Amino acid sequence: MPVPDYQTFMLPLLKLASDDVEHRLRDATEALADQFSLNESERNEKLPSGERIYINRVRWARFYLMHASLLFNPERGIFKITEAGHQLLADNPVKIDTNVLRQFPSFRKFKENSSAAK
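Report on the accompanying structure. (Residues numbered from 1 in each chain as written. Predicted model: local features only at pLDDT ≥ 70, side-chain atom pairs only at ≥ 80, totals over all residues. Heavy atoms only, no water.)

## A few points about the pattern of salt bridges
All chains considered together, the criterion is met by four salt bridges. Close ionic contact of R59 with E51 constitutes a salt bridge, the shortest N to O distance being 3.1 Å. Several salt bridges share partner residues, and in doing so they unite E30, D34 and R43 into one network. (Salt bridge = Lys/Arg side-chain N within 4 Å of Asp/Glu carboxyl O.)

And the structure:
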């Protein structure tokens, strides 16, 4: 199985955080690699920068979920779900992607600011 794209990691990452416990990003990336049954080769596949691809994609998933205010960082390297994150999961989404995130004002503002900066 190829390493999933960052949007595919969004729903599992939010579900992982739904226990209201503070999670270390490092532990979450390993848990998601296990959940997606990534083999050793897939876990070690790297970007030209040297960062492992699956870790990069989980980080991007977290980044976007944070900009939608579904996750927050109580401290560096730690994340936790927000009430909005719980509410989204209560709707039992089949997937979460950037189209789903657009329903959140904070995400729309982030995207607008990103576009304006170009």
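## Some thoughts on the packing of aromatic side chains
For the structure shown, the criterion picks out nine aromatic pairs. The interplanar angle of 50 degrees and the centroid separation of 5.9 Å between the aromatic rings of F107 and F110 together place this pair among those described as tilted. A residue pair is termed a helical-turn pair when its members lie 3 or 4 positions apart in one helix, as F107 and F110 do in helix α7 (residues 105-116) at three residues. One aromatic cluster is present, built from ring pairs that chain together Y6, W60, F63, Y64, F107 and F110. (Phe/Tyr/Trp six-rings, centres within 6.5 Å; stacked < 30°, edge-to-face > 60°. Helix = DSSP H or I, 4+ residues; strand = E, 2+ residues; numbered from the N terminus.)

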